[in-house]
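A structural walkthrough
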Amino acid sequence: MPLVWREFQPIAAIATTPNAAQRLQLLSQTTGATLWVPESLSAIEQAQVYTGSLKAHVAQLWHHHRAFVFCLATGAVVRLIAPLLEHKSLDPAVVVVDEKGQFVISLCSGHQGKADQLAKAIALQLGATPVLTGASSALGLPGVDTLGVPFGWQRGEGDWTAVSATVARGEAVQVIQEVGSTLWQEHLPQGHPFHFGFPEYTATNREEAISPKARIWISATQRQFSPESDLPKVQWHPRVLWVGIGCERGTSKQLIETAIQQTCRSHHLAEGAIAGLATIDIKADEVGLVELCRDRNLPLRTFPAEVLRSVNVPNPSAVVEKEVGTPSVAEAAAQLAANSFGAQDVAPLQVKKQIFKAEGQPGAVTVAIAQSEQEYTGRTGQLFLIGTGPGQLEQMTPAAQTAVSQADVVIGYSLYIDLIAPLLRPGQIVEALPITQERQRAERAIEIAQWGLVVAVVSSGDCGIYGMAGLVLEELRAGGWDGKTPGVQVFPGITALQAAASRVGAPLMHDFCAISLSDLLTPWEVIEKRLTAAAQADFITALYNPRSQTRTQQIATARDIFLKYRDPMTPVAIVRAAYRQDEQITLTTLEKLLETPVDMLTTVLIGNQSTRTYEDWMITPRGYLGFDADATRLNPPS
Ligand code: SAH
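As annotated in an unreviewed UniProt entry, the chain carries the name Precorrin-3B C(17)-methyltransferase and comes from Symplocastrum torsivum CPER-KK1.

Count 3.6 residues to each turn of an α-helix, and residues three or four apart come out pointing the same way. With 13 residues, helix 19 (residues 524-536) ought to run about 18 Å at 1.5 Å a step, and its terminal C-alpha atoms sit 18 Å apart, in line with that. Tucked into the core, helix 19 has its buried residues touching strand 24 (512-516), strand 25 (540-544) and helix 20 (554-565). Phi for Asp-538, located one or two positions after helix 19, is positive at around 60°.

Turning next to the site of the ligand. Surrounding the ligand, one finds 19 residues, the nearest of these being Ile-465, Thr-495, Met-600, Thr-602 and Thr-603. Pro-390 is positioned such that a nitrogen or oxygen atom in its backbone is 3.3 Å from a nitrogen atom of the ligand. Contact between the ligand and Thr-495: an oxygen atom at 2.6 Å from a side-chain N or O atom of the residue. Starting from 550 Å² of accessible surface for the ligand in isolation, the protein chains cover 94%. More than half of the atoms of the ligand fall within 2 Å of the grid points belonging to the largest pocket.

Turning to the nonpolar core, a few remarks are in order. Of all hydrophobic cores here, the largest spans 48 residues; its most connected members are Val-69, Ile-122, Phe-384, Ile-386, Val-404 and Val-410. Top contributing element to this core by residue count: helix 4 (residues 115-126), with seven residues. If sequence neighbours within four positions are ignored, Val-69 has contacts with Ile-11, Ala-12, Ala-13, Ile-14, Leu-24, Leu-27, Val-95, Val-97, Leu-118 and Ile-122. Counting residues in hydrophobic clusters, the runner-up holds 39 residues, among them Leu-385, Ile-446, Ile-448 and Ala-469.

There is a patch of nonpolar side chains on the surface, built from Met-509, Tyr-624 and Leu-625 and spanning about 430 Å² of accessible area. Mapped onto the elements of the fold, Met-509 is located in the loop between strand 23 (505-506) and strand 24. Among the residues examined, Met-509 registers a relative accessible area of 34% and is labelled partly exposed.

Moving on, we get to unusual backbone geometry. For the bond from Gln-9 to Pro-10, the omega torsion is -10°, close enough to zero to count as cis. Secondary-structure assignment places Pro-10 in the segment before strand 1 (11-15). Residue Thr-485 is joined to Pro-486 through a cis peptide bond whose omega torsion reads 0°. Within the chain, Tyr-579 stands out as a residue other than glycine whose phi angle is a positive 60°. Within the element layout of this structure, Tyr-579 appears in the loop between strand 26 (571-576) and strand 27 (584-589). When its relative accessible area of 15% is taken as the criterion, Tyr-579 is described as buried.

Under the criterion given, the structure shown has 13 aromatic pairs. Taking the centre distance of 6.4 Å and the plane angle of 50° together, the rings of Trp-5 and Phe-8 count as tilted. Aromatic pair Trp-184 and Phe-194: ring centres 5.7 Å apart, planes at 80°, arrangement edge-to-face. Highlighted residues: Trp-184 in helix 7 (residues 183-186) and Phe-194 in strand 10 (residues 194-196), separated in sequence by 10 residues. One exposure class covers both Trp-184 and Phe-194, and it is buried. These aromatic residues form a ring-pair network of at least three members: Phe-151, Trp-153, Trp-160, Trp-236 and Trp-451. Stacked on the ring of Trp-217, the Lys or Arg Arg-223 has its end atom at 3.6 Å from the ring centre.

So, about the domain arrangement of the chain. Domain assignment breaks the chain into domain 1 (3-133), domain 2 (149-237), domain 3 (241-371), domain 4 (382-494) and domain 5 (497-631). Using only C-alpha atoms to locate each centre, domain 1 and domain 4 end up separated by 29 Å. Every contact between the two is made by 11 residues of domain 1 and, on the other side, 16 residues of domain 4. Regarding the contact of domain 1 and domain 4, the summed buried area is about 1100 Å², with carbon and sulfur atoms giving 55% of it. Summed over the three residues of domain 1 that lose the most area to domain 4, namely Leu-3, Val-4 and Leu-124, the buried surface amounts to 52% of that side.

What follows covers the pattern of salt bridges. Tallying each qualifying case throughout the model produces 21 salt bridges. A salt bridge links Lys-114 to Glu-7, with the nearest nitrogen and oxygen atoms 2.5 Å apart. Of the two residues, Lys-114 is situated in the loop between strand 6 (103-108) and helix 4 and Glu-7 in the segment before strand 1; the sequence distance between them amounts to 107 residues. In this structure Glu-7 comes out as partly exposed when scored by relative accessible area, which is 21%. A network of salt bridges, in which partner residues are shared, links Arg-249, Asp-285 and Glu-286.

So, about the environment of Trp-451. Looking at the element boundaries, Trp-451 is found in helix 16 (residues 438-451). Of the residues examined, Trp-451 reaches a relative accessible area of 11% and is grouped as buried. Residues in contact with Trp-451, not counting those within four places in the same chain, are Phe-151, Ser-181, Leu-183, Gln-374, Glu-375 and Thr-377. Side-chain polar atoms of Trp-451 contact the backbone oxygen of Glu-375, separated by 2.9 Å.

What counts, and where the lines are drawn
All residue numbers refer to position in the chain's written sequence, counted from 1. The predicted origin of the model limits local features to residues at a pLDDT of at least 70 and limits the giving and counting of side-chain atom pairs to 80 or more, whereas totals for whole chains, interfaces and linings rest on all residues. Side-chain numbers come from the whole structure's heavy atoms, not from hydrogens or water. Labels follow the DSSP assignment, with helices taken as runs of H or I lasting at least four residues and strands as runs of E lasting at least two, numbered in each case from the N terminus. One fewer than the residue count of a helix, multiplied by 1.5 Å, yields its expected span. We call two residues in contact whenever any of their non-hydrogen atoms come within 4.5 Å of each other. We call a residue near a molecule or strand whenever a single non-hydrogen atom of that residue lies within 4 Å of it. Contacts described as polar in this section are N or O atom pairs within 3.5 Å, which, within protein, must combine one atom able to donate a hydrogen with one able to accept it, while residues neighboring in sequence count only if both atoms come from side chains. Values of accessible area rely on a 1.4 Å probe in the Shrake-Rupley scheme; residue burial ignores everything except the protein chains shown. Residues are said to line a cavity or pocket when one of their atoms sits within 4 Å of a point; the points come from a 1 Å grid over protein atoms alone, cavities being sets where a 1.4 Å probe fits but cannot get out and pockets being open sets with protein on both sides within 12 Å along at least five of seven lines. The way we define it, a molecule is inside a pocket or cavity when more than half of its atoms are within 2 Å of that pocket's grid points. Remark: nonpolar core denotes a set of buried residues (Ala, Val, Leu, Ile, Met, Phe, Trp, Tyr, Cys) joined through side-chain atoms within 4.5 Å. Between buried and exposed lies partly exposed: a residue is buried under 20% and exposed over 50% of the maximum accessible area for its type, with that area taken using a 1.4 Å probe on protein chains only. Patch membership requires more than 30% relative accessible area and the absence of a salt bridge. Residues of like charge join within 9 Å; the nonpolar side chains Val, Leu, Ile, Met, Phe, Trp and Tyr join within 5 Å. Whenever Lys or Arg places a side-chain nitrogen within 4 Å of a carboxyl oxygen from Asp or Glu, that contact is recorded as a salt bridge. Any two of the Phe, Tyr and Trp rings considered here, Trp counted by its six-membered ring, make a pair once their centres fall within 6.5 Å; the pair's planes then place it as stacked at under 30 degrees, edge-to-face at over 60, or tilted in between. We call a charge positioned above a ring when the Lys NZ or Arg CZ atom is no farther than 6 Å from the ring centre and deviates by at most 35 degrees from the ring normal. Where a domain begins and ends is set by an automatic assignment or by a domain database. Note: buried area is the sum, over both parts, of the accessible area (probe 1.4 Å) each one loses when the two are combined.

Given below as C-alpha cells:
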C-alpha cells in the first residue's frame, strides 16, 4: 500500500447500493481500505459482506478502525455514528462521499482524527471537491489541537475547545514556547492570531501590548490551570525529556513507573514530555523496564559502561562503579540519550538522581532526567520524491497530488512550489529554496525525514529525470541508509520530453533518447560523444537544458553534430514552457534550428530520418502503414 495512506489505517469503507459500492471499490484498493457491503451486493468483487443491521456492524468496527469512509447520505451516517461518538481525541475520522463522487465531506474528527486530511486526499483521487467546514481550515491556520502532531508532541491538559474557538474568532492568542521545534511558527499565514513570548513585558508602549484571549503553552512543564481563570489555556508537550534509569535486577515495572511518576510530579514535569528511557546496555533485557517501554510505547536507549563513564555527572557513585564499571548509570544515560538528538554540548540534567524503594516490592530504582534540545518525534520519517509534471496541476498524477497534500513538509524550488500552491494545506511547512541549491534541498529533506517527519521533495516533470530523486537517494546512500528508514516513495511525473511531444503530435513514436546539454555536472566531451552516438543511431533526440545565460554554444555544437548524420530538413520541435501560461511552440528544421531562441525552459526535439511534419504536427512513423524506404536509409545525406 502506498505510504501516503498508511497513517489512516485501518480504514473501513461502507456502501449499501451498487453505485456506491462501485464508487468505493477502486478507492478501497488505492487506500488499502476494507470495503463492506450488505448481502444483497455480495457479487461485488473484493468486498466483505456484513450480515444483520449496518448499525450493529459499524458499532462492531468502530473501535478497531482509524477511519471510516461512507458512500451514503450524510443524514444516515450521522444517525449511524451518533451513539458511538465519544470525544474528538478518541473518535476515528469519518468521511462521506456522495454517490456521484462529486464531494468528499469531512464529517467528524477533522483535526485530531485527520478526517480533513483524509477527505482532501480522497477528493484528489476522485477528482472531487473536499468539503471541510472547520474554521481553522478556512483561515489557513493549523488546528490548535494538531499543530504539534508532525513533531510528535503530546497534548496536555487544557480547554482545547475554548482555545480553538478563540483562534476561529481571530482573537489574539499568546503562545509561550519553551521547548520544541519552532518550524510551525515560521510558516503561518499573514495576519495569524498568534503572539509569541511575553509581549506584555516587551512592548515598547502600552498600545502594542496585546491582551490575549487565550494562551498556548508549549513546554515540558506540567502546568496547573486554575478553573477560575477566564483565560482559556492549553498545553502541548514536546518530547524532550530522557529518563535515565538505574535499577537492581528484578525491579518491578510498577516500581519503575511509580519512580518516574513521582519524579515528574515533584519537579513539575509533564509525563507527556518524556521522550524515552535510557540505561546501561546490560539492562537492555530488564523485564520491568522492557515492559514499561512496551506499554507506554517509549524507546529504550542503552549505552555500554565505557561510554557512560565518559560523562561528567553530578553524583558519581563508587559502589556503582565497582559493580558495573561506570560511576553513573541514570544520570549519564539520561544525558547521553538527550544528547543524541541535535545538540552538540552535553544535555543539561533537569533532575539529578533520585533513589526509590518501595516496601514489599523487589529492587530499587534510580531516576535522573535530562532535556534534549530537539524533541523526539516517535515517528518514522518518509521521503516522497515527487514529479509535478510540466506545469499545469492537471498534468500531475492524483497520487503525486495526494502525496504533496499529505506531507508535513514540502521542499522544492520556489517556481514549482508556486505551481502546486493549490494543493498545500494549512499548517504545512513549506520550504522554497533557490534553484541552484539542489544539494541543500536534498540534505534538508533527509535531515527532517530522519527526524521523523513526512517530507515531500518536488521536482518539475519527472523527479527521476534530471530531478531531485536521484540526488536524494545518492545522499541517503552516502549517509549509510538502510534502505528502509526513512521510507522512500517515488511518484513519477510527466517529463518535459513527453509534455513537449504531446504539444506537437507524436514525434517519439520510434526509439528515442534524452540528452542534457548542461555540462555543469557532466564533462562536455561525454555529452558530445552521446550526441554523436544518438545522431548516428538515428534516435529521435530530446535535448534538455539546451541553453542557459552563460552556456550558449552547446546548442549550436549539437546541431552541427546532428547535421553530419541527418538531413538539414529533419523536423525539429522547439517547445518552451509546455503546459504553462507562456507556452511557445515552434516547428522548424535542423538547418534553421538556431533561428528560434531557446532557453532553460525549452526542450528541443530532433526527429529521426523518417520524422515528418504535416500541417502543424510532427509525426514519426512507426511503420504501421507499410515499409518506408526513406526510413531505413542509414547513410548520412551527402
Ligand atoms: N525533471 C524535469 C527536467 C529538469 S531539467 C523533467 O522531467 O521534465 C530542466 C529542463 O527540462 C529544462 O531546461 C527544459 O529543457 C526541460 N523542461 C522542464 N520543464 C519544461 C517545460 N514545461 N517545457 C519545456 N521544457 C521543459
